Amino acid sequence: MNSLSFTETDATESAARAQDHVDDTRLQRAIADLAAFGARDDGGVSRQTLTAIDLEARRHLIEHARALGCEVGIDACANLFFRRAGLDDTLPPVLTGSHADTQPVGGKLDGAYGVMAGLEVIAALNDAGLRTRRAIEVVAWTNEEGSRFGPGCMGSSAFVEPARLTAFRTATDGDGVRFGDALDAALAAVPDVPQLPMARAMASCVELHIEQGPVLERANVPLGVVTGIQSVRWFRVTCMGQMAHAGTTPMDERADAMASAVALAQRLYAYAAAEAATQLRLTLGRWLVAPNSVNTIPGSVTFTIDARCVDEAVLDRFELALQTAIADVRGLRATRNDITVESLFRQAPTHFPADMRALVETGCTRALRQVGHDQPVRLTSGAFHDAMYLAGHCPTAMIFVPSRGGISHNAAEYTDAPALLLGAQALAYTVTALANG
Ligand code: GLV
Ligand code: MN
Ligand code: MN
């Protein structure tokens, strides 16, 4: 046998050995060490993308990966790649990882778990003395959350389609900072890290993540094979009015932007309630009121809409309902001023390929059987993930572990250590098998 060719059995045995070398204590410590960057008093983490604390966390990740023997690289969207060499480095690598940025109030695990578990896979392979045919790269994508600069998944979507970066660079945060300037500062902060091209060929990609919903906890099964990701659309609605004195302007002579916004919001919530059977999910998450003064009638109100469903036709119907609701509200005398709506982001549902799901299922099942469980649950992701974009670039899969109470985007986000270990074990199996394929 040529030293670079592998049989099924070699690949399976190496995958099992890698899985068995995942270390619980080391994984927990790595998660805790990253969570120290942006740690909050309530146990959560605040580390929005490309903030000073995020840049410190990136430096920590670089040192951590180098200590494991990885080569570190960065691309034009400041995505960080930690590479463990393969036996044949002319082959495209296997990619794992997730994102290290958080929501304004986030937990220790959303994104960070996938990055640290990816680095734990590398530590386990080192401990097991295993080389893989292909290189393995662990990535920390830039700005998955989309909370500081919209849209989300900037790093992964620009990686697969670099032309997106030009428009992303002009996005501004709430303080008027441009994403492009924050990006340049992040790149300048790591002069010791070589630049990598975007859109590099990848053999495959596996992202491990907390579920962020209630399905696995309710099923009492600690691992899930993700079959796909539901579709999502984001909009920004702006309701215009006229600022005027709160005490002197008669109610029937006002153009109150808040009255328009509230009337519209009520119609949208009523529509979502009527569509409950379709599992449409609606969030009106960010509100800006001008001038935001107790005694001035609002001159403008802007709010965001996040609408999601596994069935895209439901979102098409929602968009029509949004137009109808706007027309209705325009017709109200008390809210006679204009309403505009912009589309910020739209993504069709993602379906992960069957062979990738089958491999993840094998890795999950082997890990689960060692702790007395039978099979992982198959489920669709309610949250979007960087894997959504990678799925258009190379064969991609995801693994989920449970979230206590289904809670995330919250300081209380929590997954118990045994489930975190199982997820990293399933990841080690899957990534090692792929890297020997
Ligand atoms: C990602 O954080 C999402 O909003 O789904
Ligand atoms: Mn995430
Ligand atoms: Mn998130």
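These numbers were taken from a predicted model, which means no experiment stands behind them. (Residues numbered from 1 in each chain as written. Chains lettered and ligands numbered in written order. Predicted model: local features only at pLDDT ≥ 70, side-chain atom pairs only at ≥ 80, totals over all residues. Heavy atoms only, no water.)

Asker: Sorry if this is basic, but what is going on with the coordination of the manganese ion (ligand 2) here?
Answerer: Expected angles at a metal are 109.5 degrees for tetrahedral coordination by four donors and either 90 or 180 degrees for octahedral coordination by six donors. Distances from the manganese ion (ligand 2) to its protein donors, namely His99 (NE2), Asp110 (OD) and His209 (NE2), fall within the range 2.0 to 2.2 Å. Each donor residue of the manganese ion (ligand 2) lies on one chain, and together they are spaced H-x10-D-x98-H. The manganese ion (ligand 3) is placed at 3.6 Å from the manganese ion (ligand 2), the two being bridged by aspartate 110. Of the two residues, histidine 99 is situated in strand 3 (residues 94-99) and aspartate 110 in the loop between strand 3 and helix 4 (112-128); the sequence distance between them amounts to eleven residues. For the pair formed by histidine 99 and aspartate 110, the shared burial category is buried. (Donors = N, O, S within 2.8 Å, 3.2 Å for Na, K, Ca; no water. Helix = DSSP H or I, 4+ residues; strand = E, 2+ residues; numbered from the N terminus. Buried < 20%, exposed > 50% of the residue type's maximum accessible area, 1.4 Å probe, protein only.)

Asker: I'm lost on the nonpolar core in this one. Help?
Answerer: For soluble globular proteins, the rule of thumb is that nonpolar side chains tend to be buried together. If you look at the biggest cluster of nonpolar residues, it comprises 95 residues, and the most contacted ones within it are Leu61, Phe82, Tyr113, Phe179, Leu223 and Ile399. Per-element accounting of this core gives the leading share, twelve residues, to helix 13 (residues 417-435). Beyond its immediate stretch of four places on either side in the chain, tyrosine 113 contacts Ile31, Leu208, His209, Ile210, Val401, Ala419, Leu420, Gly423 and Ala424. Formed by 28 residues, the second largest nonpolar core is a distinct cluster that contains Cys239, Cys309, Val329 and Ile339. (Core = buried A, V, L, I, M, F, W, Y, C linked by side-chain atoms within 4.5 Å. Contact = heavy atoms within 4.5 Å.)

Asker: Would you mind showing me how to read the domain arrangement of the protein here?
Answerer: Many descriptions give the size of an interface as the accessible area lost when the pieces come together. Examined at the domain level, the protein breaks down into domain 1 (8-230 + 349-435) and domain 2 (231-347). One C-alpha centre belongs to domain 1, the other to domain 2, and the line joining them spans 35 Å. The partner domain 2 presents twelve residues to the 13 residues of domain 1 that form the contact. For the pair domain 1 and domain 2, the summed buried area comes to about 1,000 Å², and 58% of that belongs to carbon and sulfur atoms. Its largest share of buried area at the contact with domain 2, domain 1 owes to Gln230, Pro349 and Phe384, together 54% of the area lost on that side. There are zero salt bridges connecting domain 1 and domain 2. (Domains from an automatic or database assignment. Buried area = accessible area lost by both parts, 1.4 Å probe. Salt bridge = Lys/Arg side-chain N within 4 Å of Asp/Glu carboxyl O.)

Asker: Would you take a moment to explain the site of ligand 1 for this structure?
Answerer: The full set of residues close to ligand 1 is Glu144, Glu145, Arg308, Ala383, Phe384 and His409. Glutamate 145 places a polar side-chain atom, nitrogen or oxygen, 3.1 Å from an oxygen atom of ligand 1. Between ligand 1 and the protein, one listed contact pairs an oxygen atom with a backbone N or O atom of phenylalanine 384 at 2.7 Å. Protein coverage of the free-state accessible area of ligand 1, which is 190 Å², stands at 92%. Residues that form the shell around ligand 1 fall into these classes: two nonpolar, one polar and three charged. (Near = heavy atom within 4 Å. Polar contact = N/O pair within 3.5 Å; in protein donor to acceptor, adjacent residues only side chain to side chain. Areas by Shrake-Rupley, 256 points an atom, 1.4 Å probe, with all protein chains shown as cover. Nonpolar A, V, L, I, M, F, W, Y, C, P; charged D, E, K, R; others polar.)

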